[in-house]
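Chains, contacts and geometry: an overview
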Amino acid sequence: MRSQLIAVIVLAALCSCSTGHGPIKTEVPPRPAGQQDMIQFAADPIPDVGIGVVGLGMRGSDAVERLSLVPGCHVAAVCDVEPDRAAASYKFLSDKGLKATAYSGDERSYEALCEDPAVDLVYICTDWLHHVPVALYAMGHGKHVAIEVPSAETLQDCWDLVNTSERTRRHCMILENCCYDFFELTALEMARQGVFGEIIHAEGAYLHNLDPFWKLYWNNWRLDFNKKHRGDLYPTHGLGPVCQALNIHRGDRFETLVSMDTAPFNGPKHEAARTGEPCTEFANGDVTTTMIRTAKGKTILVEHDVMTPRPYSRMYQLVGTEGYAGKYPVQQVCLRPEGSENVDYQNLGREKVYSGEALKELMAQYRSPILTEELETLAKEVGGHGGMDYIMDYRLIYCLNRGLPLDMDVYDLAEWCCITELSRISLENGSTPVEVPDFTRGAWNKTQGFSYAL
Ligand SMILES: NC(=O)c1ccc[n+]([C@@H]2O[C@H](COP(=O)([O-])OP(=O)(O)OC[C@H]3O[C@@H](n4cnc5c(N)ncnc54)[C@H](O)[C@@H]3O)[C@@H](O)[C@H]2O)c1
């Protein structure tokens, strides 16, 4: 009798779970009539890409300098709301004998740049709130766009970019430079060649103490955004490189996520130091952690912390059925040990570990197909986060010159950026699971495996 009663109680509990507490659903708006997906989209080749750079602060002014050294393109126009910033980039170019038009003066000066027939590609480096309006206007005027990270802040932003890219048949690329760092490029190639078996779990992060930098941003946009928004505000550095190794929307896709955050301990102190007033409302927790599960049963851990003095890290870990690659704090690769004789239970780490010189030797066998020795040397000379910025720009222009699909498409952008709003939804609902929308609207299985167009 007692065991029957327990069985009834257990059954009742199971039923209430499966019916009452599914993940929070997010809308997938139907694809507008006449639109097609952008999977493997290639535009007509552009032999000499005219670039218009919008937003010439710390990142944009560097981009102008880098792009002036990339073959197959020229900076045709520059724009910043602040006239002195537009003038400085204009001067940089004219001192090198390069001609460009400078647009400035008001918040919508970018419209004239987007209408300029000399511009083929609008390269957007503004604060976060201006990324999407500039991109939509540019694509609406026939330009391809490349947008700094994180390119979009809301689900609506993501859908607007996807729909506009599909409707206008223009590229919309996220400028996720961390996909082009040397360790990540090589580890991706190792993953593609099956060295780690099947990748089943990955970790990525943006751990970067911004204390010294808050005051450098134009109009305090960055701290202000953190003050007003809860969630992982910078998910793409961590996610980008690991999503390529997990073939996201190239045979797998994000299904659900859950997030948890700490309270804002340090955030309000920065705001109070800035204003000289106590700060009583600050939305962003100092540390935000998100877990994503994919359709194929893989998981990704993503972390965001720009408030504490932790060492800089993007985590970058690939966990495969047969091996492991990890970049921080020490670069290493682990593979299964050969043989199982002489097992010593006190020895907790029996895997074959490659680090230092041994790692160099191993990784030398898996050079990324996009990284020629010449490009590596040039990238290290030009710099930009050690060279990865230059490799990203080089690849973008290489593909546009040849009419090839870009390494990152508008769905990568939407999948990596939507985590900001989805994590907020999960947090505001007590860490409830939230469905991740399928931005490809059914095309996530159309191609199998990440690859570069060469
Ligand atoms: N990929 C990376 O490693 C990396 C590194 C740093 C910054 N970023 C990203 O780059 C972007 C810019 O960051 P930043 O550090 O250069 O910020 P910043 O504050 O130095 O520069 C932003 C610039 O945008 C300009 N701007 C604002 N509204 C504009 C408008 N309507 N038209 C034209 N210009 C406008 C401002 O005047 C300012 O010069 C951000 O999205 C940031 O997240 C990426």
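Since the model is a prediction, treat every value here as computed from it, not as a measurement.

Observations concerning the overall build of the protein chain
Broken down by element type, the protein chain carries 15 helices and 15 strands. Against the 2.2 N^0.38 benchmark of 22 Å for 454 residues, the protein chain shows a C-alpha radius of gyration of 23 Å, consistent with a compact globule. In the protein chain, buried positions account for 55% of the 454 residues. In the protein chain, the share of contacts with a sequence separation of at least 24, taken over all contacts with a separation of at least 6, comes to 75%.

Some details on the environment of histidine 130
Relative to the assigned elements, histidine 130 resides in helix α5 (residues 128–140). Residue histidine 130 is classed as buried on the basis of its relative accessible area of 16%. With 76 residues separating them in the primary sequence, histidine 130 and valine 54 have C-alpha atoms 9.7 Å apart. The contact partners of histidine 130, leaving out residues within four places of it in the chain, are Glu107 and Trp218. Of the polar contacts made by the side chain of histidine 130, one reaches the side chain of aspartate 127; its length is 2.8 Å.

Quick look at the domain arrangement of the protein chain
Split into domains, the protein chain comes out as domain 1 (49–175) and domain 2 (179–338 + 349–368 + 410–435). For domain 1 and domain 2, the distance between their C-alpha centroids amounts to 26 Å. Taken together, the contact between domain 1 and domain 2 spans 24 residues of the former and 21 residues of the latter. Note on domain 1 versus domain 2: buried area summed over both sides is about 2,100 Å², and carbon and sulfur give 77% of it. Area buried by domain 1 at its contact with domain 2 is led by Trp128, Leu155 and Ile174, which between them contribute 29% of it. In this structure, the connection of domain 1 to domain 2 is made through zero salt bridges. There are four residue pairs in polar contact (both at pLDDT 80 or more) connecting domain 1 and domain 2. Where the side of domain 1 that touches domain 2 is concerned, the elements lending two or more residues are α5, α6 (155–168) and β6 (172–174).

Regarding the site of the ligand
The ligand sits among 26 residues. The nearest are Arg59, Asp80, Arg85, Val149 and Trp221. In this structure, methionine 58 approaches the ligand through a main-chain N or O atom, which is 3.0 Å from an oxygen atom. About the coverage of the ligand: the protein hides 95% of its 850 Å² of free accessible area. Mapped by element, the contributors of at least two residues to the shell around the ligand are α2 (58–67) and α5. Within the shell around the ligand, the residues separate by chemical class into 11 nonpolar, eight polar and seven charged.

Focus: the packing of aromatic side chains
Counted by the stated rule, this structure contains 12 aromatic pairs. With a centroid separation of 6.1 Å and 40 degrees between ring planes, the pair formed by tryptophan 128 and tyrosine 234 is classed as tilted. In this pair, tryptophan 128 sits in helix α5 while tyrosine 234 sits in the loop between α8 (221–228) and α9 (236–245), placing the two residues 106 residues apart along the sequence. In this structure, tryptophan 128 and tyrosine 234 share a single accessibility class: buried. Ring centres of tyrosine 390 and tyrosine 394 lie 6.4 Å apart, and the angle between their planes is 35 degrees; on these two criteria the pair is classed as tilted. On the criterion of helical spacing, the pair formed by tyrosine 390 and tyrosine 394 is a turn pair, its members being four residues apart in helix α13 (residues 388–402). A relative accessible area of 0% places tyrosine 390 in the buried class. A relative accessible area of 22% means that tyrosine 394 is categorised as partly exposed. In textbook terms, an aromatic cluster arises when at least three aromatic residues are bridged by ring pairs, as seen for Trp128, Tyr206, Tyr217, Trp221, Phe225 and Tyr234. The residue whose ring lies beneath lysine 380 is phenylalanine 182, and the NZ or CZ to ring-centre distance is 4.7 Å. Here the basic side chain of arginine 402 rests over the ring of tyrosine 398, its NZ or CZ set 3.7 Å away from the ring centre.

Conventions used here
Residues numbered from 1 in each chain as written. Predicted model: local features only at pLDDT ≥ 70, side-chain atom pairs only at ≥ 80, totals over all residues. Heavy atoms only, no water. Helix = DSSP H or I, 4+ residues; strand = E, 2+ residues; numbered from the N terminus. Rg over C-alpha atoms; globule rule 2.2 N^0.38 Å. Buried < 20%, exposed > 50% of the residue type's maximum accessible area, 1.4 Å probe, protein only. Contact = heavy atoms within 4.5 Å. Polar contact = N/O pair within 3.5 Å; in protein donor to acceptor, adjacent residues only side chain to side chain. Domains from an automatic or database assignment. Buried area = accessible area lost by both parts, 1.4 Å probe. Salt bridge = Lys/Arg side-chain N within 4 Å of Asp/Glu carboxyl O. Near = heavy atom within 4 Å. Areas by Shrake-Rupley, 256 points an atom, 1.4 Å probe, with all protein chains shown as cover. Nonpolar A, V, L, I, M, F, W, Y, C, P; charged D, E, K, R; others polar. Phe/Tyr/Trp six-rings, centres within 6.5 Å; stacked < 30°, edge-to-face > 60°. Lys NZ or Arg CZ within 6 Å of the ring centre and 35° of its normal.

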